[in-house]
Amino acid sequence: VRELERDDASRKRFLKMVGGGGAGAFALFLAACGSSDKKDSTSSSAPATTPSSGGSVKKDLEIVNYALTLEYLEADFYEKVVASGLFKGAQQDTIKMFGEQEAEHVDALTATVKKLGGTPAPKPKTKFPLDDAKSVLKLAATVENLGAAAYLGQAGNILNKDVLAAALSIHTVEARHASALNTLLGESVTPDGAFAKPASMDEVLPKVKPFIVA
Amino acid sequence: MSESKLAIPELGAVEVHGLTRSAFVLKGALAAGAVYGAATVGPFVGSAFAQSGSGDVDIVNFALTLEYLEADFYKKAGALGLSSELKKLAKEFGGQESEHVDALTATVKKLGGTPAKRPTFTFPIKDEKSFLKLAQTLEDTGVAAYNGAGPAIQSKEVLGAAGSIVQVEARHAAAIRLQNGQPPAPAAFDKTMDKATVLKAVKPLITA
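On a predicted model such as this, the values are computed, not experimentally measured, just so you know.

Caption draft 1: Summary view of the overall build of chain A. On a plain count of helices and strands, chain A comes out with 8 helices and 0 strands. Counting from the amino terminus, chain A carries its helices and strands in the arrangement α-α-α-α-α-α-α-α. Within chain A, the fraction of its 214 residues that count as buried is 52%. If you take every contact in chain A between residues at least 6 apart in sequence, the share linking residues at least 24 apart comes to 82%. For chain A, the exposed surface amounts to about 9,500 Å²; the carbon and sulfur share of it is 57%.

This is the structure in structure tokens:
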């Protein structure tokens, strides 16, 4: 019960934050979080009307759509980096592979949302500063480390075991990406030490906010 | 799962939550196979097993055994003539595996169980190449083992701890893979391994 209360409070804070930051720009996050925004019935009705185990399914849907939004961001980021021509050879190949893997995550999470009876979060429009190779690698590392922390932050909240299994198998791939990028930058592959730190939705969303344009 | 199918008798001999091994094996006939095939386990099996109360202890002790193995592996690698870069990496990773051992030992105790004993290991490593090859296998196996067991974990706290450890295993695995000239993430979804498969894979490394 305490957990539910905490999650509710956190959700309210999140919705408040989103609302306060300009409702239009963050409509996608409302959708991503399975909000009950009545204006957008297509993205909100499904979780609310899911029969039988409604509450737990709705919660899982929020998490999966949140993950889907992050994966959209990552996939889009890598696509733009590949197109930027900033990288060549082995590094370009690595970036391409990571981008393809993020795109596979998008597909899998989209399918998961549908399987749970929900409506997948819409693909956000993104913008990233792609000035030079070094700063792009740094941004990639930031995004991947954040992504790994975001998955870790949700693991304990996922109720459906199949959804949890999928999230875990994506979580460690994000960690592998983060580690490889940290290696390329000459930074520690385990910046948190022996135990990776989780990040909550409240911590993650403001950090990705600058990359969303609509 | 019959007793003869247990890949590592020594691991099976570990006392599990006050049960004798044969009782555990009997109990495990349904539970272990199903629980560790976690990706395919439905909520029914999960909650049924939860009622027995010792599921998390079994899983954490399984993880503890793997962490013992990894910690010892990196420790022994320190005696090889590794490059200074690899030596540093082995020391750092080994230190983190030891921290995992301590954390999991404490977790088992907190859950009211008896921590698995540290086995004796042998590793076929004699140079950088053999070290890196086995390191990749061990770290990738560690990731697969944690991911396979994760969904069967009942306690939210234990799941969180396992998650924070498996992320570090995945980071190790990717770094080692880069050293081997291998893709750091071989697939978009990390595969899972069930307990029996993992134990079979590491059996040749356990001497007692």
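Caption draft 2: Here's a closer look at the overall build of chain B. For chain B, the helix and strand inventory stands at 8 helices and 0 strands. By the burial criterion, 54% of the 208 residues in chain B qualify as buried. Sequence-distant contacts in chain B: of pairs separated by 6 or more residues, those separated by 24 or more amount to 79%.

Caption draft 3: Expanded view of the nonpolar core. Core analysis: the biggest nonpolar cluster contains 104 residues, and Phe77 and Val204 of chain A together with Phe73, Tyr74, Phe123, Ile125 and Phe131 of chain B have the highest contact counts within it. Filtering out sequence-adjacent residues up to four positions away, Phe73 of chain B remains in contact with Phe123, Ile125, Phe131, Leu134, Ala135 and Leu138 of chain B.

Caption draft 4: Focus on the pattern of salt bridges. Enumeration over the complete set of coordinates arrives at 6 salt bridges over all chains. With a closest N to O distance of 2.8 Å, Asp140 of chain B and Arg176 of chain A form a salt bridge. Taken as a pair, Asp140 of chain B in helix H6 (residues 128-149) and Arg176 of chain A in helix H7 (residues 161-184) lie in two separate chains rather than in one. Like Arg176 of chain A, Asp140 of chain B is buried. In this structure, Arg176 of chain A and Asp190 of chain B form a salt bridge, with 2.9 Å as the shortest nitrogen-oxygen distance. One end of the pair, Arg176 of chain A, is in helix H7; the other, Asp190 of chain B, is in the loop between helix H7 (156-179) and helix H8 (195-202), on a second chain. It is possible to trace a salt-bridge network through shared partners that takes in Arg176 of chain A together with Asp140, Arg177 and Asp190 of chain B.

Caption draft 5: Representation of the confidence of the model for chain B. All names here are of chain B. Confidence in the prediction of chain B, expressed as mean pLDDT, is 81, and 75% of residues score 70 or more. Note on residues 1-53: pLDDT under 50 across the span, and 75 contacts to partners over four residues away in sequence or across chains. Per the prediction output, this complex has pTM 0.77; the corresponding ipTM is 0.78.

Caption draft 6: Helix H5 (residues 84-110) of chain B, seen in detail. In a regular helix each residue adds 1.5 Å, so 27 residues correspond to 39 Å; H5 of chain B covers 39 Å between its end C-alpha atoms and thus fits that length. Positive backbone phi, approximately 85 degrees, marks Gly112 of chain B, located one or two places after H5 of chain B.

Caption draft 7: Highlighting the interface of chain A and chain B. Contacts between the two partners involve 41 residues from chain A and, on the opposite side, 39 residues from chain B. Between chain A and chain B, a total of about 3,300 Å² is buried, with carbon and sulfur atoms accounting for 61% of that surface. Seen at the junction of chain A and chain B, the total is 2 salt bridges. At the boundary of chain A with chain B, the tally comes to 20 residue pairs in polar contact (both at pLDDT 80 or more). For the side of chain A that touches chain B, the elements supplying multiple residues, two or more each, are helix H1 (2-20), helix H5 (89-115), helix H6 (133-155) and H7 of chain A. Ranked by the residues each element gives to the side of chain A that touches chain B, the list is headed by H7 of chain A, at 18 residues.

Caption draft 8: Local environment of H8 of chain B. All buried positions along H8 of chain B are accounted for by Lys195, Val198, Leu199 and Val202 of chain B. Within H8 of chain B, the buried residues cover an arc of 95 degrees as seen down the axis, which keeps them to one side.

Caption draft 9: A look at the packing of aromatic side chains. Residues and elements named next belong to chain B. On inspection of all chains with the given rule, the structure shows 10 aromatic pairs over all chains. Aromatic pair Phe73 and Phe131: ring centres 5.4 Å apart, planes at 15 degrees, arrangement stacked. One end of the pair, Phe73, is in helix H4 (residues 55-77); the other, Phe131, is in helix H6, and 58 residues separate them in sequence. For the pair formed by Phe73 and Phe131, the shared burial category is buried. Three or more aromatic residues joined by ring pairs form one cluster here, namely Phe73, Tyr74, Phe93, Phe121, Phe123 and Phe131.

Rules behind the numbers
- Residues numbered from 1 in each chain as written.
- Chains lettered and ligands numbered in written order.
- Predicted model: local features only at pLDDT ≥ 70, side-chain atom pairs only at ≥ 80, totals over all residues.
- Heavy atoms only, no water.
- Helix = DSSP H or I, 4+ residues; strand = E, 2+ residues; numbered from the N terminus.
- Buried < 20%, exposed > 50% of the residue type's maximum accessible area, 1.4 Å probe, protein only.
- Contact = heavy atoms within 4.5 Å.
- Areas by Shrake-Rupley, 256 points an atom, 1.4 Å probe, with all protein chains shown as cover.
- Core = buried A, V, L, I, M, F, W, Y, C linked by side-chain atoms within 4.5 Å.
- Salt bridge = Lys/Arg side-chain N within 4 Å of Asp/Glu carboxyl O.
- pLDDT = per-residue confidence, 0-100.
- Expected span 1.5 Å × (residues − 1).
- Buried area = accessible area lost by both parts, 1.4 Å probe.
- Polar contact = N/O pair within 3.5 Å; in protein donor to acceptor, adjacent residues only side chain to side chain.
- Arc of directions from axis to C-beta.
- Phe/Tyr/Trp six-rings, centres within 6.5 Å; stacked < 30°, edge-to-face > 60°.

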